[in-house]
Amino acid sequence: MRFTALPSLLHLLPALSIFLDLQGVWGKPISHLSKCKLAQYPGPSNPSFETGDLTGWHVLSGTAFGNGSVTAQTSYWGGSFNQKGKYFVDSFVASGDPAIGQLRSDSFLASSYLSFLIGGGYDPVNLYVGLVRDSDGTLLKSQTGMNDEALVRVIWDTSAWAGQDVHLLVYDNNSGSSWAHINIDDVRTGCKALQDDNGLTFTVFGEANQPAAGSSSSCTLYAADPVRPQYHYSPYQGWINDPAGLIQWNGQHHLFSQFYPDAPLWGPMHWAHATSSDAVHWAERPVALYPPYPDNPQDTSGRWTGSAVKDAQNQLHILFTDFTDLALHPGSTEQVVSAATSSDGTSFLLYSQNPVIGTVPAGSSNGFRDPKVFQDPTDNSWKMVVGSGEGSQGKVHLYRSTDLVSWTYVGVLFEGDGSTGSMFECPNFFPLGDKWVLFYGGRSLGWFEVGSYNGTSFISETSGLLDAGPDSYAMQWYKDASGRNLAITWLGNWPTSKWPSRLNGWAGQQSITRELFIRPDGGLGSRPIPELVSLEQPASAKVWTQKKIGNTAVVLGQTTTARLRLTIDTASSTATSFSIHLFASSAESVLVSYNFAARLLTLDTSNAGYGQTGQWQPIVAPGSDGKLSLDIFLDHSTLEIFSSDGVVTSMRVYPRYQESQDIKIEASGQVVFDSISLTPLESSWC
Ligand code: FRU
C-alpha cells in the first residue's frame, strides 16, 4: 500500500499554537477551555450511536456500514474496545475486512473544537474519519487509525470553519484482509470536545505535530505533543525500532535506529542517525543507510540491525543485516551481512564487495541477522556475533576477522533451551569485569547471560531479563571513550497492539543511555548515566529528608517530565508496602508499589489510560545496609524505574487526561524515606 506524505508543517501551525504552552513546570495544565466557548454548536445527531443503530447517519455506499456495524462488543484479542456508553461503529463487524463503504453523519455547524474516538487500521488514504464542508465537499480534516481496535480520542481545532455546515465522513475504501476497517464513537463538539463528563481534560491526540525532516523546530513541536518524550530520542516522524551502530567516535556518541520515515509502522528499513556529545542531548543527522529499492514501497527489502566499530585508521565500519524481500527477489539469500564505511561520520559508503557474509551457516533456518562486532582480547581479533535459531531453539553464531571484511565462521557461541525464544535477535557479547556478558532478544523480551568465555565458546552462569518491564527490546551495548559499558534499548510497544502515538505521526523511541554493571547477585544491572543530571532544573526541585509517610497519601507534585528519586530505609520502616502513583488523576494512574516482605516491586497499569494494561513484578532487593533506592524517569509517555540493585523496569504509558500528572505516595503502615527528590527535567531538544 502507498502512504501519502504526512501533513505539511504550514498546514499545522495554526492548530498547534492553540495547544502550545498547556502546562507549566509543575502546575496543572493551562486550560484552553476559554477558546472552546467561542463557537459552541450541537454536533451531529446520535453522536455516540447509543440508539444502537445508524439513526442520524447515512450509508453513502458499500456494505462496510449498516445497522449491523453498530456494535456493543466490549473486548477483542488485544483488550477492551474502550467505547463510550454501550455502542460504537466498527466497519469490520457487519461484513468483515474486505467490505468497503462510506458513512456520513447528519450535517451540523462546526464548533471551535471537535473530538471523537477512533480505532482500526492505519491507511491515511483509504481509511479515515473526515470532516467535510457541505458547501463544496472539501475534506477539511481526516484521521486514520493506529492498527489497533481500541478507541483513542482525537481532538481537532475546527475554529477556522466555525459556524459552517459540515458533516463527518467515515471512509473505508480498503478492501484488504487485515486492518481494513475503521472504528468510531462519541463525537463531541465545542467545550465538550475537550472535556470528559467527569470534568477532566482529554489528552490531545491527532494534530500530527511532528516536524518536517531536517527542521530545526523539533523543540517547540515536540513540546506540543503530549505523548512525545522530551528527553528521549524519538523519530521526527514515522517509525523506529532497534538502536544500532552505537559507538563513541571522535568524541561524539552515534546512535542509529531502524527507521521507516513514511508511516508510523515498520517498513523498508533505513538507518536513522543521531549524534550527541554527552549521550543525553541527541541531534538528528541525515539518514545513514537507505533501503535498496526506495522507489517501490511494496518492496520490504531493507538495511536491518547491525553495529559499528572504528578501525586502526579511525574509519567507521558499519556491519549490518542486508534483508531482501524474497517475494520480489526470488532466489536471493534473505539475510546476509553487509558493510559500509565512513570517514566523516555522516555519509556512509556501501562496500563494493557486499555481502561480507553471504552464506548462512547450517542450523539457521529461523533467521540469520543482527551482526554485532567487538574486539576480542583473548586473541586480539575482531569477532562478530550473529543472531539465529532453528526449531524451537535460538542460537548465536560467532565469526572472526582481522580486517573487518573477510570473516571466518568459528561456530555456535551459545544455544538456548527454547525458553527464551526460537530466534535470538540482536545479540551482544562483551567482557565486563572478569565475566563475559551475552544478551539477545527472544519472545519479545531481552535476556542476559553472564558467564565465561575462552575465545571460542561461552558458558553461561547467571541469566535473567534485561528489563523487567514489557516495552524494552533489542538493547545494544557499546564501550565509550572512558571505558564505560553503555547501552540503549528500544522502548516500543512491541508485545502489544497499543501505539497511540501513531495518531501524532510517529512510533517508537530509544531509552535513556544506561551504564551496565555486574550486580551483587551476578546478574546484569543497569543504572542511568550521570550525564543525565544536565537535564535537571534544580531550582524547581522538591526535596524531602527523613520523610515518614503512612496511610495518608502525600502528593509530591504534578509533572510528567521529571526524575523522582527515593531512598527507603527498609529497616526502620514498619509498613508492609507502599505505593507511588504516577501519571495520576482522579480517573487513572500508573501504580508502582513495593512489598517489603516479598521484596516485590509491582508496576501496575490496569488503570493507566490508553496503553497496555497489566502487572510486571521484579524482585528488587535492598542493599546490605537495608537501603533501597528507586530512580524513576518520567517523560510524557515513558517510564523507566531503576532500582539500586540494578533492576530496571521500563514501560510506555499514555494517560487519557491532561490532569493525570500527580505524583503521590501512600503506605500501609509507616515508611521512612531517607530522602525524596522530585526534579523537573528539561527537554533535550531545546
Ligand atoms: C528486532 C529486529 C531485528 C531486525 C530488525 C528489523 O527488533 O527484528 O532482528 O534486524 O528488527 O527491523
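Anything mentioned here points back to the structure above.
None of these values were measured; they are calculated from a predicted model.

Undergrad: Just checking my understanding: could you explain the sheet that holds strand S14 (residues 238-249) for this structure?
TA: Adjacent strands of a sheet form backbone hydrogen bonds with each other and so pair up, either parallel or antiparallel. If you trace the five strands from one edge of the open sheet to the other, you get S17-S16-S15-S14-S32, paired in mixed fashion. Because the sheet does not close on itself, it has two edges, and the strands there are strand S17 (283-289) and strand S32 (506-507). With four bridges connecting them, strand S16 (residues 270-276) and S17 associate as antiparallel partners. Counterpart to His-273 in the pairing with S17 is Arg-285.

Undergrad: Is there a simple way to explain the site of the ligand in this structure?
TA: Near the ligand the following residues occur: Asn-241, Asp-242, Gln-258, Trp-266, Met-269, Trp-304, Thr-305, Arg-369, Asp-370, Glu-425, Cys-426 and Tyr-473. Asp-242 is positioned with one of its side-chain polar atoms (N or O) 2.7 Å from an oxygen atom of the ligand. Side-chain polar atom of Gln-258 to an oxygen atom of the ligand: 2.7 Å apart, as the coordinates give it. Sorting the residues of the shell around the ligand by element identifies S14, strand S18 (302-310), strand S22 (368-376) and strand S26 (425-432) as the ones contributing at least two each. Of the residues that constitute the shell around the ligand, the class distribution is five nonpolar, three polar and four charged.

Undergrad: Explain unusual backbone geometry to me, please; I cannot follow it from the model alone.
TA: Peptide bonds are trans in most cases, and residues, glycine excluded, mostly fall at negative phi. A cis geometry characterises the amide bond from Asn-354 onward to Pro-355, with omega recorded as 0°. Take Pro-355: it is sitting in the loop between strand S21 (349-350) and S22. A positive phi is found at Asn-46, a non-glycine position, where the angle reads about 50°. By the element assignment, Asn-46 lies in the loop between helix H2 (33-36) and strand S1 (57-62). Notably, Ala-279 is not glycine yet its phi reads approximately 65°, a positive angle. Classification of Ala-279 by relative accessible area gives buried; the value is 2%.

What counts and how
- Residues numbered from 1 in each chain as written.
- Predicted model: local features only at pLDDT ≥ 70, side-chain atom pairs only at ≥ 80, totals over all residues.
- Heavy atoms only, no water.
- Pairing = 2+ DSSP bridges.
- Helix = DSSP H or I, 4+ residues; strand = E, 2+ residues; numbered from the N terminus.
- Near = heavy atom within 4 Å.
- Polar contact = N/O pair within 3.5 Å; in protein donor to acceptor, adjacent residues only side chain to side chain.
- Nonpolar A, V, L, I, M, F, W, Y, C, P; charged D, E, K, R; others polar.
- Buried < 20%, exposed > 50% of the residue type's maximum accessible area, 1.4 Å probe, protein only.

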